[in-house]
Each structure stands twice: as structure tokens, then as C-alpha cells.
Amino acid sequence: MAQALQQFAGTPIVPPQPEPVLRLLPPADPIDRFFDISLFCLLATGFITVATTGQLDPAFTVLMAIPLAVRGFMLARGRCWDFSDGFVKTLAIIYIPFYLFDIAVLQIGAVNIMQRVLMATVHLVFFAAVVLLFSARRMRDYFYLAALACAQMLAASTLTVSTSFLLLFCLFVFLAITTFTSFEIKRARARTVAARAVPTAELRLGRALGATALLISAGITLLSVALFFEIGRAHV
């Protein structure tokens, strides 16, 4: 007992190493890669839709476009980095007073208080989407990202009535189908006990899911157009 205490007392205590801000993720398999690309394109489409309304100030548009371009470059290279949990919490704490500052000062040129809150909330949605895009690792994080993309499209629908919104919305529907389809595959595979090797058939997953989503989105678009004109004739 005494020898054990002496050995323990002589052992140097190593302080815990700080968590790195950025971590390199392992290479993704075809299923994860298809899902990551679909989710990124979904968020990028939501951002482009809001940006085309002309309601965002140029400085904020550039600030949001830079991290999206960086993430797209990472996905193209197949080497992605993500933020640590501690860094994400720090960013969230910092943005809370900035949100109030955005309403009170940065949106001073808005027509009324509701317009101030709306634009500041749009900024908050984009900030949360960018932070989650670089830190999502759990299934609920991916769900929040998809919800934020839908919030972007909802915000764009209140800021514009142009034809470009309709075209981007059709693209958004297609990307939403590919994202949620691959998400269900990813979640179902995560329930398996052990990881397995990716069979050769899964290497063609992107083409198959893309073709299926394209057919579904085309059917939704055609049905929506038909219902639009039919409802209009019924009320004449």
C-alpha cells in the first residue's frame, strides 16, 4: 500500500489538453457524402433565394457567402473540418447581445419595429445555419439545419413576389426530397450494430436518388400548376 502511494505520488499529473477549435473529419462514404452535399445545396438555395430579394445588406450577404463558399470547397475536396462544441457555445453566447444590437442599431433604417425584428431574425437564422453547418454531427443537428433552410425560404416568401422565387422554390423542393430521402437512409443505417463496408451498389446511390427526386419534384410541380389553374377557374 505504501509503495503504491509512493508510486502514485511520484507520477506527474498531466493537465487536460484544450479542445481544438477545428477538427478534421474522416472521409465520408457515398451515403454520407450524398447527404452532406444535398443538405449544403439546400441551405445554399435558401440563402440565394433570400439574397435575390434585395432586402439583405451587401455586407451581410458577403459575410454569409464566404463560409458557404468555404464549405462548398471542402465538400468538393472531400476534406471537411468542423467546429468544437466549446467554440459553438462561445459563438452562441456572443451573438445574443449582437441580436439585440442588430434590432436597435443596425436596422435603424427599417420602416417599423416589425421590419427590424424580421431582418434581425433573418440574420440570426443565417448565423445559426452557418454555425450548425460547421458543427453538425448528430441526427438532431441535421434536422435543425433542414428546418433552418425551410425558415430561409419562408423568410424569402415574405420579402419578394418575383418569378425567380418560384424557380428557386422548385429547386428547393427537389433538394429537399434528396436531402430527406438520404437522411432516412443515413438514420436507418445508423441503427445497425456495427459499421460495414460500402457495397458496390451503393456507389450508384447518388444517381438513383437524384433521378427519383427529380421525378417526384416534377410531379409535385405539375400537380401544383394544375391545381392552381383549376382552383382559379372554380372561383370565377
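Residues numbered from 1 in each chain as written. Predicted model: local features only at pLDDT ≥ 70, side-chain atom pairs only at ≥ 80, totals over all residues. Heavy atoms only, no water.

1. Focus on the pattern of salt bridges
Enumeration over the complete set of coordinates arrives at three salt bridges. Its salt-bridge partner being Asp141, residue Arg138 comes within 3.6 Å of it at the nearest N-O pair. With a relative accessible area of 40%, Arg138 lands in the partly exposed category. Using a relative accessible area of 6% as the deciding quantity, one classes Asp141 as buried. (Salt bridge = Lys/Arg side-chain N within 4 Å of Asp/Glu carboxyl O. Buried < 20%, exposed > 50% of the residue type's maximum accessible area, 1.4 Å probe, protein only.)

2. What about the side chain of Ser38?
If you trace the backbone, Ser38 turns up in helix α2 (residues 30-51). Residue class for Ser38 comes out buried when judged on its relative accessible area of 5%. Setting aside its immediate chain neighbours within four residues, Ser38 contacts Thr178 and Thr179. (Helix = DSSP H or I, 4+ residues; strand = E, 2+ residues; numbered from the N terminus. Contact = heavy atoms within 4.5 Å.)

3. With respect to the packing of α2 against helix α7 (residues 163-190)
Contact pair α2 / α7: the axes reach a minimum separation of 8 Å and the direction vectors enclose 150 degrees. On the basis of their axis angle, the class for α2 and α7 is roughly antiparallel. The interaxial crossing formed by α2 with α7 has left-handed handedness. Here the residues of the contact of α2 with α7 sort into 15 nonpolar, six polar and three charged. (Axes fitted to C-alpha atoms, helices over the stretch in contact; angles between N-to-C directions. Parallel < 35°, antiparallel > 145°, perpendicular 65-115°, else oblique. Left-handed = near helix turned anticlockwise from the far one by under 90°. Nonpolar A, V, L, I, M, F, W, Y, C, P; charged D, E, K, R; others polar.)

4. Quick word on the nonpolar core
Note on soluble globular proteins: their nonpolar side chains tend to be buried together. Ranked by internal contacts, the top residues of the largest apolar core, which has 38 residues, are Leu42, Val50, Leu56, Phe126, Leu133 and Leu145. Setting aside anything within four residues of it in sequence, one finds Leu56 in contact with Val50, Ala51, Thr61, Met119, Val122, His123 and Phe126. Within the second largest apolar cluster, six residues are counted, among which are Tyr95, Tyr99, Ala120 and Val131. (Core = buried A, V, L, I, M, F, W, Y, C linked by side-chain atoms within 4.5 Å.)

5. Topic: the confidence of the model for the protein chain
Averaged over every residue, the pLDDT of the protein chain is 78; the share at 70 or more is 78%. Within the protein chain, α2 carries the highest mean pLDDT (88), whereas helix α1 (residues 2-10) carries the lowest (49). (pLDDT = per-residue confidence, 0-100.)

6. Comments concerning a nonpolar patch on the surface
Judged by side-chain polarity, Phe98, Phe101, Val105 and Leu106 come together as a nonpolar surface patch covering roughly 340 Å² of accessible area. Looking at the element boundaries, Leu106 is found in helix α4 (residues 85-106). Overall, Leu106 belongs to the partly exposed group, its relative accessible area being 46%. (Patch = residues over 30% accessible without salt bridge, like charges linked within 9 Å, V, L, I, M, F, W, Y side chains within 5 Å. Areas by Shrake-Rupley, 256 points an atom, 1.4 Å probe, with all protein chains shown as cover.)

7. Observations regarding helix α3 (residues 58-77)
Two residues of an α-helix separated by three or four positions point the same way, owing to the 3.6 residues in each turn. The end-to-end C-alpha distance of α3, which contains 20 residues, comes to 28 Å, matching closely the 28 Å that a straight helix rising 1.5 Å per residue would cover. Among all positions of α3, only Phe60, Met64, Pro67, Leu68, Arg71, Gly72, Met74 and Leu75 are buried. Along the long axis of α3, the arc covered by the buried residues comes to 160 degrees, so they all point the same way. Exposed and oriented more than 90 degrees from the buried face of α3 are Pro58, Ala59, Ala69, Phe73, Ala76 and Arg77. For α3, the elements touching its buried residues are α2, β2 (81-83) and α5 (113-133). (Expected span 1.5 Å × (residues − 1). Arc of directions from axis to C-beta.)

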